[in-house]
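# Notes for the structure review
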Amino acid sequence: MARRVVVTGVGLVSPVGVGTEETWKSILAGQSGVAPITHFDTAGFSATIAAEVKAFDPLQFVEKKDLKKMGLFIQYALAASTFAIDQARLNVKPEIAERVGVFIGSGIGGFDVIEREHTALMQGGPRRISPFFIPASIVNLASGFVSIRWGAKGPNSATCTACSSSAHSVGDSYKIISRGDADVMISGGAEAAITPMGVGGFAAMRALSTRNHEPARASRPFDRDRDGFVIGEGSGILVLEELGFARDRGAPILAELVGYGMSSDAFHITQPAEDASGASRVIQNTLADAGVPPEQVNYVNAHGTSTPFNDRIETLALKKVFKDHASKLAVSSTKSMTGHLLGGAGGLEAGLTVLALRDQMIPPTINYENPDPCCDLDYVPNQARSAGIEYALSNSFGFGGTNAALLFKRYAG
């Protein structure tokens, strides 16, 4: 029999706050984290805005001598895991270490390190490449550093599935605990791709918003005048535990994770299937995994990227799955405030979904000003809303047509 899995900690490092409660307070206030890029000189770039993490001091989480060993995405993951573990009041003692695992995804990994070391190579030759180049940049080293930091000796893995990466990491962690291979999983994702190549690459695809003159209004999911996503950075980490294990140690239980689904569009490398078949199927698979009928879901934290295709197709998918109940759903995109964290998005948004259940508050979709006839659901426009939420869904869709969804339930004992 499958074991029940609960969330006992949420750790968030985001463009609207360094820390879980700081981020959540900003989200409920409808605060935008989008501003002109400061990480590099944007002269010549078509998109010059992003959702950067502000006032992040890595030395609060990492010893100075270790900074050169890790890319920024790893630093964010370590910080977010610290917040999550503190909230969960988790002490990874030797007697439980082999039952505690880590599963942290990233879509891109250490772009900042790759670019820096390539410059060193071009300017000074191969002897100028840092011996820490590879471990500082590869995707699974976020999980590696976190497991070393906390002494977690259970399953240790990473997922790289574009913008679904951290949702897959959380979902796979859920299944690891459910089948009995671990009692605790530290899971989620991290990304730090606001670099010349990161921004330049997405801009070359014409995927980014170029509303450079009004950054705070650039990310506008489901709005008629959306013109692309705003790239973001940060990390979202959840502590998942088997229910009995959490109860026995007196852990704070924030929500229960009850369903996880996966699907593929098998259609196009960047665009979702026009009939929303991939997106609708992942939602259906998630509800089936949980054994929950569609009409019991109250809130959807949408993938909601603020791109013309995604928002229209996701709306269609929700209508296909929820039918008449779709009009009763509260649907919001927190990317309107945080931008799109790429491989870190699912972890951040799963964390926000858990907090919505904890506090019975639905985050808004800010910058929703002009309705799109193709996007006609309740997007919780511009202001957070107090509401009864029993079940909440978090969607994540990635390049290559890879989709993941997570269903959380309010924990009532």
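Residues numbered from 1 in each chain as written. Predicted model: local features only at pLDDT ≥ 70, side-chain atom pairs only at ≥ 80, totals over all residues. Heavy atoms only, no water.

Right, let's talk about helix H9 (residues 277–290) for a bit. For the α-helix, the turn length of 3.6 residues means that residues three or four positions removed from each other point alike. With 14 residues, H9 should cover 20 Å at 1.5 Å per step; its first-to-last C-alpha distance of 20 Å lies within 8% of that length. All of the buried residues in H9 are Ser277, Gly278, Ala279, Ser280, Val282, Ile283, Thr286 and Leu287. In the segment just after H9, Gly291 is the residue with positive phi, at about 70 degrees. (Helix = DSSP H or I, 4+ residues; strand = E, 2+ residues; numbered from the N terminus. Expected span 1.5 Å × (residues − 1). Buried < 20%, exposed > 50% of the residue type's maximum accessible area, 1.4 Å probe, protein only.)

All right, on to the pattern of salt bridges then. Evaluation of the coordinates by the stated rule reveals 24 salt bridges. The shortest N-O distance in the salt bridge between Asp311 and Arg226 comes to 3.4 Å. Taken together, the positions of Asp311 in helix H10 (residues 308–322) and Arg226 in the loop between helix H7 (196–204) and strand S8 (234–242) put the pair 85 residues apart, joining distant regions of the chain. Residue classification places Asp311 among the buried residues on the basis of a relative accessible area of 0%. (Salt bridge = Lys/Arg side-chain N within 4 Å of Asp/Glu carboxyl O.)

According to the stated counting rule, one finds eight aromatic pairs in the structure shown. Three or more aromatic residues link up through ring pairs in this structure, and these residues are Phe56, Phe61, Tyr76 and Phe83. (Phe/Tyr/Trp six-rings, centres within 6.5 Å; stacked < 30°, edge-to-face > 60°.)

On the secondary structure map, Ser169 appears in helix H6 (residues 165–178). We classify Ser169 as buried; its relative accessible area is 0%. The contact partners of Ser169, leaving out residues within four places of it in the chain, are Phe103, Ile104, Gly105, Thr159, Ser187 and Gly188. (Contact = heavy atoms within 4.5 Å.)

Moving on, we come to the packing of helix H2 (residues 72–88) against helix H5 (residues 141–150). At a minimum axis distance of 9 Å, the contact between H2 and H5 shows a crossing angle of 45 degrees. Compared by their axis directions, H2 and H5 come out oblique. Crossing geometry of H2 relative to H5 is assigned as right-handed. Residues Phe73, Ile74, Ala77, Leu78, Ser81, Thr82 and Ile85 of H2 pack against Leu141, Ala142, Phe145, Val146, Arg149 and Trp150 of H5. Counted by class, the contact of H2 with H5 contains 10 nonpolar, two polar and one charged residues. (Axes fitted to C-alpha atoms, helices over the stretch in contact; angles between N-to-C directions. Parallel < 35°, antiparallel > 145°, perpendicular 65-115°, else oblique. Left-handed = near helix turned anticlockwise from the far one by under 90°. Nonpolar A, V, L, I, M, F, W, Y, C, P; charged D, E, K, R; others polar.)

Of all 10 residues in strand S1 (residues 5–14), 10 are buried; the element is thus mostly enclosed. Bridge analysis of S1 against S8 gives eight bridges, and the strand direction is antiparallel. Across the sheet, the residue bridging to Gly11 is Ile237, located in S8. Relative to strand S2 (residues 17–18), S1 runs antiparallel, the two sharing two bridges. When the sheet's bridge partners are listed, Ser14 is paired in S2 with Gly17. Between S1 and S2, which follow one another and run antiparallel, lie two residues. (Pairing = 2+ DSSP bridges.)

Let us now look at unusual backbone geometry. Phi at Arg206 is positive, roughly 60 degrees, even though this residue is not glycine. With a phi angle near 50 degrees, Val380 is a residue other than glycine that sits in the positive phi range. Here Val380 shows up in the loop between strand S12 (361–362) and strand S13 (385–386). Given the relative accessible area of 0%, Val380 is considered buried.

Time to look at H2. For H2, which comprises 17 residues, the first-to-last C-alpha distance of 24 Å matches the rise-based estimate of 24 Å (1.5 Å per residue) to within 8%. Along H2, 15 of the 17 residues are buried, which leaves the element largely enclosed by surrounding structure. In the stretch just after H2, Arg89 is the one whose phi turns positive, near 55 degrees.

Moving on to the pairing of strand S7 (residues 184–191). Counting buried positions along S7 gives eight out of eight residues, so the element sits mostly inside the fold. Burial of the side chains of S7 extends over both faces: Val184, Ile186, Gly188 and Ala190 are buried on one face and Met185, Ser187, Gly189 and Glu191 on the other. With six bridges connecting them, strand S5 (residues 100–105) and S7 associate as parallel partners. Each residue of the ladder has a partner; that of Val100, found in S7, is Val184. The sheet contact formed by S7 and S8 spans eight bridges and is antiparallel. The residue of S8 that forms the bridge with Val184 is Glu241.

As a further point, take the nonpolar core. Counting residues in hydrophobic clusters, the biggest one holds 41 residues, and the most contacted among them are Leu238, Leu240, Val354, Leu406 and Phe408. Of all elements in the fold, only S1, helix H1 (20–28), H6, S8, strand S9 (255–264), helix H12 (345–359) and strand S15 (402–409) reach the threshold of two or more residues within this core. A per-element tally of this core places H12 first, with eight residues. If we skip the residues at most four places from it in the chain, Phe408 touches Val7, Leu238, Glu256, Leu257, Val258, Ala350, Thr353, Val354, Leu357, Glu390, Tyr391 and Ala392. (Core = buried A, V, L, I, M, F, W, Y, C linked by side-chain atoms within 4.5 Å.)

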